[in-house]
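# Structural overview
In case you want the letters, here they are:
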Amino acid sequence: MSTSTARSTPVSTLITNIGELSTQDETCGTGSVLQDAAVVFEGERISWIGAASDAPAADEMIDAGGRAGLPGWVDSHTHLVFAGDRGAEFEARMAGESYAAGGIAVTTDATRAASDYDLTRLLLARVAEAAAGGTTYLETKTGYGLNVEEERRHARIASTVANQVTYLGAHLVPAGSDADDYTDLVCTEMLEAVLPYVQWADVFCEEGAFTEDQSRRVLKACRDAGLGLRVHGNQLGHGAGVRLAVEFGAASVDHVNHLTADDIDALAGTWKEWNADGTDAAARVAGTVATCLPACDLSTRALLAPARKLLDAGVQVALASNCNPGTSYTSSMNFCVATAVLQMGLTVQEALRAATFGGALALRVHTGEDRDGQRAVGSLAVGHRADLQLLNAPSAAHLAYRPGMPLTGAVWRAGQQLRLPAR
């Protein structure tokens, strides 16, 4: 009888003949762009990057055929745990009705009625759809439960599929509830119920949702419980969202459509000491990322977030899909990148960085120092998680040059090539 010995080292994979490789390495500003490049994976990590002519031998070799390569997208803002459809609401909005926060209640009813099996099936399908478009790491939120049992259930289901989960019990005050009483519930029993499943907390600080005082109570309670913080802010008008995010040291403030000069200065101030490759520990502390959600802005016919002004002021910016059934029913980060370039004034490399390294910054997974020993994502560097996508194009510029085209050609997540649906 013959015996076999388990392989002691991971299989290595060389991806070579990459025409253009955008690494988005955190130490390189908008990221270095290598020509005629190659990458080597060992297991789930990147072990080598450089010129294809200098590439070491590996167990397996894949010829990229001159295609462009870049990190997998990091989608730092989604709402994927839901059931039901709001197509009629979208159609009415396109016919001239304005967007208001209250439409969330429609999804809440449908999501509460769905079984665990159906919610899990829907979530898995949405994550797979995002991955087929190049997204290799994503966050998702609760917020369509809005009572203790449902928020716990949605957090538990999300934790089995998404990379990170955010508690958004403070999404909307349910119909018939007193706003202050509901805020108390969000800060106490509901918070305790979701804690085993979530890493972050968020609050929709906006007219029609939660006031500045209520939002402050939610953020304080969640911070005291040990959760990282994020804020839905300044989407529908000028408000307290950015101020609260800065006050509480939130990792991100998301939407940011309506900003004053003081808001931008406050966000920029959180980044003054930050230096991605600094040796001083204080310089490594990230500030509050401004997360722009262009697909949502287009779907609600809103003012596009001022990403150009934010970048010019020194604020770190992320792009995310905000995939949800009411205002942004897409997980296409390709679409978000194209919109940022064509309509928001970003260069191609700035938009790529925002959709990769920027998202990782917002989720605090941009370095190897993140939670639970997770390898860094959002950039291509030795030691980082092997998340890479190849485009069916010679350069990343084609994402905006050929908007809407299905350019994602191959995707690796943690070193494993994903099987993409046939087109």
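Reference entry: report on the structure contained in this document. These numbers come from a predicted model, not from an experiment.

### Topic: the nonpolar core
Nonpolar side chains tend to gather and get buried jointly when the protein is soluble and globular. Grouped together as the largest cluster of nonpolar side chains are 93 residues, with contacts concentrated most on Y167, V256, C292 and L310. Ignoring anything within four residues of it in the chain, the contact list for L310 reads V256, L259, I264, L267, A290, C292, V315 and V317. Counting 14 residues, the second-largest nonpolar core is a separate cluster that includes A37, V39, F41 and A410.

### Describing the sheet that holds strand 11 (residues 252–255)
In spatial order, the strands read 6-7-8-9-10-11-12-13; together these eight strands make up an open sheet with parallel pairing. Both outer strands of the open sheet, strand 6 (73–75) and strand 13 (317–319), are each paired with one neighbouring strand and no more. Taking each pair of neighbouring strands and ignoring which way they run, the sheet shows an average axis angle of 25°. Across three bridges, the pairing between strand 7 (residues 135–141) and strand 8 (residues 164–170) is parallel.

### Brief notes about the packing of aromatic side chains
A full pass over the atoms with the stated rule returns five aromatic pairs. Aromatic side chains F82 and Y144 sit 6.4 Å apart centroid to centroid with 80° between the ring planes, which places their arrangement in the edge-to-face category. In this pair, F82 is assigned in the loop between strand 6 and helix 1 (87–94) and Y144 in the loop between strand 7 and helix 4 (148–159), connecting sequence segments 62 residues apart. In terms of burial, F82 and Y144 fall into one category: buried. On the basis of an interplanar angle of 35° and a centroid distance of 6.3 Å, the ring pair of Y182 and F210 is categorised as tilted. Separated by 28 residues along the polypeptide, Y182 in helix 5 (residues 179–187) and F210 in the loop between strand 9 (200–205) and helix 7 (212–224) bring together distant segments of the chain. An identical accessibility class is assigned to Y182 and F210; each is buried.

Definitions and cut-offs
Residues numbered from 1 in each chain as written. Predicted model: local features only at pLDDT ≥ 70, side-chain atom pairs only at ≥ 80, totals over all residues. Heavy atoms only, no water. Core = buried A, V, L, I, M, F, W, Y, C linked by side-chain atoms within 4.5 Å. Buried < 20%, exposed > 50% of the residue type's maximum accessible area, 1.4 Å probe, protein only. Contact = heavy atoms within 4.5 Å. Pairing = 2+ DSSP bridges. Helix = DSSP H or I, 4+ residues; strand = E, 2+ residues; numbered from the N terminus. Axes fitted to C-alpha atoms, helices over the stretch in contact; angles between N-to-C directions. Phe/Tyr/Trp six-rings, centres within 6.5 Å; stacked < 30°, edge-to-face > 60°.

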